[in-house]
Amino acid sequence: MNGYLIALIVFVAWIALIYALHKSKWLERHNMSLYGPMIMWKTTKGKDFIDRLASRKTFWKLYGMASLWICAVAMGLITLLLLWEATIVPQIEEAPAPELILGIPGLNPVIPLGYGILGLVIAIVVHEMSHGVMTRLGGMKVMSMGVVFLVFPAGAFVEPDEHELRSTTRAKRSKVYAAGPASNILLSLIILGLFSGVMMSSVEPVHDGALTTGVVAGSPAEIAGISPTSVVVSIGGSVIASASDFEDRTASSPGTNVTVEYYFKGELRSAEVMDGVVVAYVAEGFAAYEGGIRTGMVLVSVDGSTIDSTEALSEEMLGKHAGQTVTVVVMSYSDSAGAFVVDTSITVLTLSDKWDYYEEYDPDNNDPSYQGIGYLGGGFLSMGLRTADADYYSAVLSRPFEGDSDLSDFSNSWLRLIALPFLDLAPLRSPVTDLYEPSGWFAWMPDSAFWLLTNSFYWIFWLNLMIGLTNVLPAVPLDGGYLFRDAFDYLVDRKGTKYTKEKREQLVGTISIAFALLILALILWQLVGPALW
């Protein structure tokens, strides 16, 4: 059944249920009320707990100051990110679906329902409790606490005395607003430490070998049934213990089949694969493409020299110049023969200029010495497999910032961590989890329990970070909007301009609304912009 149809059925059933509960006055008897399609349950229970937390005044005063700085930095970063994303919208071919903007489990397709609810509930409880503690620290009342239900618990809230909040000092009010998102951001960093530094650092590969991180479409490896996330352990009887073993090998007889043994989903498998150097990609307008070579073909020889490895191809291209004609033997897959055969339509290529290629596709790495150098204009991989050591995923996730040398590297590492759900790596599941087993302190734990805990940590990290960063956006009614408004009010007041209180409030309100509209426009631009280009 279609997921949207299931969601519609569940939502209709929920509406029917709350209507019945409302008509029977069950909600009223249990101190609940309707808020649109949501049920809001208010209670005064828990206020004593907040009071006890707030009694550690020295700690919370320091925490309040730290929260302001955390939110200020996060507000600047997330606003700059939105501005940067606006500049690359013309390069985006397809706009993200609207549901991807919403961090709602079940509605957002990349957020799994179970992990999403867990992470969302924890994030909201931490957020609202932090608001409550700072409210009490500032000497203001907490009127009630509660939970919001929309089929499942969708959030929590702490309701301060609005009159006291509006009439208190800017400093106290700002700390109340800052505490929520700052707590989410701090918790996300702590949980990330547990996910990466504890859980992912405790796994080790089940089998050593060459992990396939990519398989070229139409290549011998793909046709033989080898999938990404396989671990190649032997080729033609020779042991493959690492990615370098795979990449350094030479094909004994390019164009002929060889036996490849590999693990996939924990099962040892065997396949007969055409051996040789495979075309991984070709650039339109350059030698290989113009000569008829396409992705997935096998390059057997160049100018009579057998190409038994990517290194052999590099050596053969040395000394060749742009415009030079070379002879080639290429094999392509024949549907009628059910095998790779020599493609007689491709026999010669006129080499392109390496400088031209880099100028178009990789200008940052272009070099004057490339001018006049002969170039095929494509990429090549043994058997059509891109490989890494078996610990690739565990290494990347346990040491996400290793090797970062500048701000750009650090930013890319953060984006990679956040993008795991879009890369189908969160939650971690088979076949990725089949590659590893718990070790050390967690060796006793069943695999299923280990990965359940690991994935829970990731989604608690992810949703806390998303909620924290979203709430610091300088857009009312978000916490960041109120922080921005109070900060701007402070700056106008401090400059000593001769504004009356009413004029100052009008100016501050106008600028706050302008920034909120700017943030909304930047978000909407990501949705509608790609359709306009």
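Because the structure is predicted, anything quoted here is derived from the model rather than measured.

This brings us to the overall build of the chain. Counting its secondary structure elements, the chain contains 18 helices and 21 strands. When the backbone C-alpha atoms are referred to their principal axes, the chain occupies close to 85 × 60 × 45 Å. Across the 533 residues that make up the chain, the buried fraction comes to 44%. Here the analysis covers contacts within the chain between residues at least 6 apart in sequence; of these, 67% occur between residues at least 24 apart. With the model as given, the accessible surface of the chain reaches about 27500 Å², and the carbon-plus-sulfur share is 60%.

Throughout the structure, instances matching the rule amount to 25 aromatic pairs. Considering the side-chain rings of Y177 and Y482, the 4.9 Å spacing of their centres and the 15 degrees angle between planes classify their relative orientation as stacked. Highlighted residues: Y177 in helix α8 (residues 170-199) and Y482 in helix α17 (residues 479-494), separated in sequence by 305 residues. With a relative accessible area of 11%, Y177 lands in the buried category. Its guanidinium or amino end placed over the ring of Y370, K354 lies 4.2 Å from that ring's centre, counting from NZ or CZ.

So, about the pairing of strand β9 (residues 257-264). One ladder, built from 4 bridges, connects strand β7 (residues 231-235) with β9; its direction is antiparallel. Within the sheet, the bridge partner assigned to V232 lies in β9 and is Y262. Sheet analysis places β9 next to strand β10 (residues 267-274), joined by 8 bridges and oriented antiparallel. Looking across to β10, one finds that V260 is bridged to A271. In this structure, the hairpin formed by β9 and β10 is closed by a connection of 2 residues, where K265 is found at a positive phi of approximately 55 degrees.

The topology assignment puts D447 in helix α16 (residues 447-471). Along the primary structure D447 and Y436 are separated by 11 residues, whereas in three dimensions their C-alpha atoms are 9.1 Å apart. Those residues within four positions of D447 in sequence are excluded, and the remaining contacts are Y436 and P438.

Before going further, it helps to spend a moment on the environment of L113. Of note, L113 is situated in helix α6 (residues 113-137). Of the residues examined, L113 reaches a relative accessible area of 46% and is grouped as partly exposed.

This part takes up the pattern of salt bridges. When the charged atoms of two side chains with opposite charge come close together, those side chains can pair. For the coordinates displayed, the defined rule picks out 10 salt bridges. Among the ionic pairs, D275 bridges to R249, the shortest N-O distance being 2.9 Å. With D275 in the loop between β10 and β11 (277-282) and R249 in the loop between α10 (243-248) and β9, this residue pair connects regions lying 26 residues apart in the sequence. According to the relative accessible area criterion, D275 is buried, its value standing at 1%. By relative accessible area, which is 17% here, R249 ends up buried. For R399, the salt bridge is made with E402, and the minimal N-O distance between the two is 3.2 Å. Judged by relative accessible area, which is 41%, R399 ranks as partly exposed.

To continue, consider the nonpolar core. Of all hydrophobic cores here, the largest spans 74 residues; its most connected members are F195, Y436, Y458, W459 and F461. It is α16 that contributes the most residues to this core, 12 residues altogether. Setting aside residues no more than four positions away along its own chain, F461 makes contact with S188, I191, L192 and W414. Residues V277, I293, M297 and V302 belong to the second largest nonpolar core, which totals 19 residues.

The next subject is the side chain of S398. Secondary-structure assignment places S398 in helix α14 (residues 392-398). A distance of 3.5 Å separates a polar side-chain atom of S398 from the backbone oxygen of A395.

Right, let's talk about the packing of helix α4 (residues 57-88) against helix α18 (residues 501-528) for a bit. Two numbers describe how α4 lies on α18: the axes approach to 9 Å, and their chain directions differ by 40 degrees. One finds that α4 runs oblique with respect to α18. As for how α4 packs across α18, the hand of that crossing is left-handed. Taken together, the residues of α18 that come into contact with α4 (itself represented by T79, L82, L83, E85 and A86) are I519, L522, I523, W525 and Q526.

Together, D208, D245, E247, D248, E311, E315, D389 and D391 make up a region of like negative charge exposed at the surface. Breaking the negative patch down by element, the ones donating at least two residues are α10 and α12 (310-317). Top contributing element to the negative patch by residue count: α10, with 3 residues. Following the sequence through the fold, D389 ends up in strand β20 (residues 385-389).

How each quantity is defined
Residues numbered from 1 in each chain as written. Predicted model: local features only at pLDDT ≥ 70, side-chain atom pairs only at ≥ 80, totals over all residues. Heavy atoms only, no water. Helix = DSSP H or I, 4+ residues; strand = E, 2+ residues; numbered from the N terminus. Buried < 20%, exposed > 50% of the residue type's maximum accessible area, 1.4 Å probe, protein only. Contact = heavy atoms within 4.5 Å. Areas by Shrake-Rupley, 256 points an atom, 1.4 Å probe, with all protein chains shown as cover. Phe/Tyr/Trp six-rings, centres within 6.5 Å; stacked < 30°, edge-to-face > 60°. Lys NZ or Arg CZ within 6 Å of the ring centre and 35° of its normal. Pairing = 2+ DSSP bridges. Salt bridge = Lys/Arg side-chain N within 4 Å of Asp/Glu carboxyl O. Core = buried A, V, L, I, M, F, W, Y, C linked by side-chain atoms within 4.5 Å. Polar contact = N/O pair within 3.5 Å; in protein donor to acceptor, adjacent residues only side chain to side chain. Axes fitted to C-alpha atoms, helices over the stretch in contact; angles between N-to-C directions. Parallel < 35°, antiparallel > 145°, perpendicular 65-115°, else oblique. Left-handed = near helix turned anticlockwise from the far one by under 90°. Patch = residues over 30% accessible without salt bridge, like charges linked within 9 Å, V, L, I, M, F, W, Y side chains within 5 Å. Lys, Arg positive; Asp, Glu negative; His and termini not counted. Charge placed at Lys NZ, Arg CZ, Asp CG, Glu CD.

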